[in-house]
Amino acid sequence: MRLSRPARPPMGISLVPLVDVFLILLIFFIVTSTFLDLNMIPLVSADEAVSDGTPQTGASTLLRLTPEGAVRNARAILSDSELTDVLRTGRVFLIASPAADTQSLVRVLDIAARVDGADLQLVRFR
Amino acid sequence: MGEAMVPLIDVVFFLLVFALLIGRMDANTPFEVSPPLASATEDLPAGGATIAISIEGDLSLDGSASTQLDALTALTKRLQDDPDLRIRVQADRDADLRHLLPVLDALNTLGASEVVLVVTPDPDG
């Protein structure tokens, strides 16, 4: 008696586990990642000299950042346009209140960044 | 059945590559940080050290919670190895400057040549 068995067809590699792996990886990245749109404001850059605290000559203005986030000189609170004008006139030293929030400081830096050649320096007493 | 799976693999693989390419892996902070809003900003390059400051004044360096002293000690060593190290300061927008300014002052003292403040684009700007 001779048994004949049909030739078994060649087995291909199952792709289902591969898809499972990719799906799991994708879900992992989607769940664990947070997509943030982040930019930067340079505070110190390599092409700028770091101030050593010695007094500078030339016209300069002293302003204060109040705890409420307003910018003022000795007389009054400055609006954004007035601050822009002051930044155009020369060097500005800003004394920031420790109680002011970071957003207030960034608002001032933002205004300074829009003024060509603005020279704004933060002053901190030790 | 095997042939029907190939387009699905292509789609899934493409989505994965897309997510990897458009995203940038950065160390996450151990606390929530909402960066300040700004409009006149520059693109934030990858790389460098990241100091995060929470609204309460908690500090982290490259995703690990740290004290200011430990973070500055670690940064001192890294700056010795790489004087051009970029330091990114990621402070919460509602964090008081009493938490931020000492860090900036310390980085100035360390002689960091590139310090940037991380912000997010202002949608109204």
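Scope of this entry: the structure provided in the associated data block. Owing to the predicted nature of the structure, the values given are computational and were not obtained by experimental measurement.

A short note on the packing of helix H2 (residues 68-81) of chain B against helix H3 (residues 97-110) of chain B
Residue and element names in this part refer to chain B. Remark: H2 packs on H3, axes separated minimally by 11 Å, with the N-to-C direction vectors making an angle of 30°. Here H2 is positioned roughly parallel relative to H3, judged by the angle of their axes. Crossing angle aside, the handedness with which H2 passes H3 is right-handed. Taking contact as the criterion, the partners of Gln68, Leu72, Leu75, Thr76 and Leu79 in H2 are, on H3, Pro102, Val103, Ala106, Leu107 and Leu110.

Considerations on the pattern of salt bridges
On inspection of all chains with the given rule, the structure shows seven salt bridges over all chains. Aspartate 85 of chain A is paired through a salt bridge with arginine 88 of chain A; the nearest N and O atoms lie 3.6 Å apart. A residue pair is termed a helical-turn pair when its members lie 3 or 4 positions apart in one helix, as aspartate 85 of chain A and arginine 88 of chain A do in helix H2 (residues 80-89) at three residues. Here aspartate 85 of chain A falls in the partly exposed class, since its relative accessible area comes to 42%. In this structure, aspartate 96 of chain B and arginine 98 of chain B form a salt bridge, with 2.6 Å as the shortest nitrogen-oxygen distance. Its relative accessible area of 45% is what places arginine 98 of chain B among the partly exposed residues.

Examining a nonpolar patch on the surface
Taken together, the side chains of Phe13, Val17, Phe18, Leu21 and Ile22 of chain B present a nonpolar region at the surface, about 510 Å² in accessible area. Among the secondary structure elements, phenylalanine 18 of chain B is positioned in helix H1 (residues 2-22).

With respect to the interface of chain A and chain B
Counting residues at the interface gives 41 residues for chain A, matched by 51 residues for chain B. Of the roughly 4,000 Å² buried between chain A and chain B on both sides combined, carbon and sulfur atoms contribute 66%. If you sort the residues of chain A by the area they bury against chain B, Asn39, Met40 and Thr102 of chain A come out on top, with a joint share of 18%. Applying the counting rule to chain A against chain B returns 14 residue pairs in polar contact (both at pLDDT 80 or more). For the side of chain A that touches chain B, a count of residues per class yields 28 nonpolar, seven polar and six charged.

Here is what the cut-offs are and how they apply
- Residues numbered from 1 in each chain as written.
- Chains lettered and ligands numbered in written order.
- Predicted model: local features only at pLDDT ≥ 70, side-chain atom pairs only at ≥ 80, totals over all residues.
- Heavy atoms only, no water.
- Axes fitted to C-alpha atoms, helices over the stretch in contact; angles between N-to-C directions.
- Helix = DSSP H or I, 4+ residues; strand = E, 2+ residues; numbered from the N terminus.
- Parallel < 35°, antiparallel > 145°, perpendicular 65-115°, else oblique.
- Left-handed = near helix turned anticlockwise from the far one by under 90°.
- Contact = heavy atoms within 4.5 Å.
- Salt bridge = Lys/Arg side-chain N within 4 Å of Asp/Glu carboxyl O.
- Buried < 20%, exposed > 50% of the residue type's maximum accessible area, 1.4 Å probe, protein only.
- Patch = residues over 30% accessible without salt bridge, like charges linked within 9 Å, V, L, I, M, F, W, Y side chains within 5 Å.
- Areas by Shrake-Rupley, 256 points an atom, 1.4 Å probe, with all protein chains shown as cover.
- Buried area = accessible area lost by both parts, 1.4 Å probe.
- Polar contact = N/O pair within 3.5 Å; in protein donor to acceptor, adjacent residues only side chain to side chain.
- Nonpolar A, V, L, I, M, F, W, Y, C, P; charged D, E, K, R; others polar.

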